[in-house]
Amino acid sequence: MTQSVPLHTKAAAPTAAELLDFVRRAAADTELIASLPLDPEGRTWVRLEGPGGSEAWLIAWPPGTGTGWHDHAESVGAFATASGELKENSLAVRLPASGWKTLELAEDVDRERRIGPGQGRAFGRHHVHEVLNESTTEHAISVHAYHPPLPLLRRFSRTGAVLRLEQVERPEDWQ
Ligand SMILES: [Fe+2]
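Along each chain, numbering runs from 1 in the same order as the chain's sequence is written. Selection of residues for local features in this predicted model requires a pLDDT of at least 70, selection of side-chain atom pairs for listing and counting requires 80 or more, and totals for whole chains, interfaces and linings are taken over all residues.

## Some thoughts on the overall build of the protein
A tally of regular secondary structure across the protein gives two helices and 12 strands. Helix and strand assignments follow DSSP, with helices taken as H or I runs no shorter than four residues and strands as E runs no shorter than two, numbered in order from the N terminus. For the protein, the sequential pattern of α-helices and β-strands runs α-α-β-β-β-β-β-β-β-β-β-β-β-β. Expressed as a percentage of the 175 residues in the protein, the buried residues total 27%. When contacts within the protein are restricted to residue pairs at least 6 apart in sequence, those whose partners lie at least 24 apart make up 77%. Comment: burial labels come from other C-beta atoms within 10 Å of the residue's own C-beta, placed from the backbone, where a count of 20 or more is buried, 12 or fewer is exposed, and between is partly exposed. We call two residues in contact when the distance between their C-beta atoms, placed using the backbone, is within 7 Å.

Structure below.
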């Protein structure tokens, strides 16, 4: 009796751990990292093919640059530093999906971590953070992956404990 094997099986969505594995490997690929042009004036980036249909980016951060506060809707993600060091400030709180313009954060929700060469971190849905290169002299280079590919990204400004929704960006804004 023969067993039938489907020719095309639908791959399961990659988990945050699988994305972390991908970004770590890519960050360790010295040829890939060296291929990214650096610009002292601003971030440079190249889109990569992430695993399982995920969205991935190789990004160079000049000294003093950062993302500002944002979240990633329903996507899970991961990033890893290839060179230099990134600082991540994040919020250990789930923000309401809609219906607000400003909100006051509780005192104990701030988290920070530093991600040096060879290090990475994964994050779940609704993760809120900003990523910065605080060095005054050195570029940082990192690899990021998201699944599903980002449908939108909410940008926030922050004054003390007050977070304000500033903008909702969609993929067409990033072309
Ligand atoms: Fe992010």
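Back to the write-up after that little detour.
## Remarks on the sheet that holds strand E3 (residues 69–71)
The strand order across the open sheet built from seven strands is E6-E12-E11-E3-E9-E5-E7, with neighbouring strands paired in antiparallel fashion. Sheet topology places strand E6 (102–104) and strand E7 (110–115) at the edges, where each strand pairs with a single neighbour. When the angles between neighbouring strand axes are averaged without regard to direction, this sheet yields 30°. Pairing of strand E11 (residues 153–159) with strand E12 (residues 162–169) involves seven bridges; the strand directions are antiparallel. Paired with Thr 159 across the two strands is Val 162, which belongs to E12. When DSSP locates at least two bridges between a pair of strands, those strands are taken to pair. Axis geometry follows a simple rule: fit a line to the C-alpha atoms, using only the stretch in contact for helices, then measure angles between N-to-C directions, giving values from 0 to 180 degrees.

## Thoughts on the nonpolar core
If you look at the biggest cluster of nonpolar residues, it comprises 25 residues, and the most contacted ones within it are Leu 19, Val 23, Ala 78, Val 143 and Ala 145. For this core, the element with the highest residue contribution is helix H1 (residues 16–27), accounting for seven residues. To form a nonpolar core, buried Ala, Val, Leu, Ile, Met, Phe, Trp, Tyr and Cys residues must be joined through C-beta atoms within 7 Å. In terms of nonpolar packing, the next biggest core, distinct from the first, is built from five residues, Leu 91, Val 128, Phe 156 and Leu 163 among them.

## Digging into the UniProt feature "binding site: Fe cation" (unreviewed entry) in the protein
UniProt positions are given in the numbering used here, feature names are shortened, and annotations may be inferred rather than shown by experiment. In the UniProt entry, the feature "binding site: Fe cation" (unreviewed entry) is given for His 70, His 72 and His 129. Spanning 60 residues, the named residues nonetheless gather at one spot, since no C-alpha pair among them exceeds 9.3 Å. If near-sequence neighbours (up to four positions away) are discounted, His 72 is found in contact with Gly 77, His 127, Tyr 146, Leu 150 and Leu 153. Relative to the assigned elements, His 129 resides in strand E9 (residues 128–132). The contact partners of His 129, leaving out residues within four places of it in the chain, are Glu 88, Asn 89 and Ser 90.

## Overview of the pairing of E12
Relative to E12, E6 is paired through three bridges, and the arrangement is antiparallel. Opposite Glu 104, over in E12, you have Val 162 as the bridge partner. Turn length for the E11-E12 hairpin, with the two strands adjacent in sequence and antiparallel, is two residues, and the turn residue Gly 160 shows positive phi of about 60°.

## A look at the environment of Glu 41
Mapped onto the elements of the fold, Glu 41 is located in the loop between helix H2 (30–34) and strand E1 (44–49). Its 7 C-beta neighbours within 10 Å are what place Glu 41 among the exposed residues. Taking the C-alpha atoms as reference, Glu 41 lies 30 Å from Ser 75; in sequence the two are 34 residues apart.

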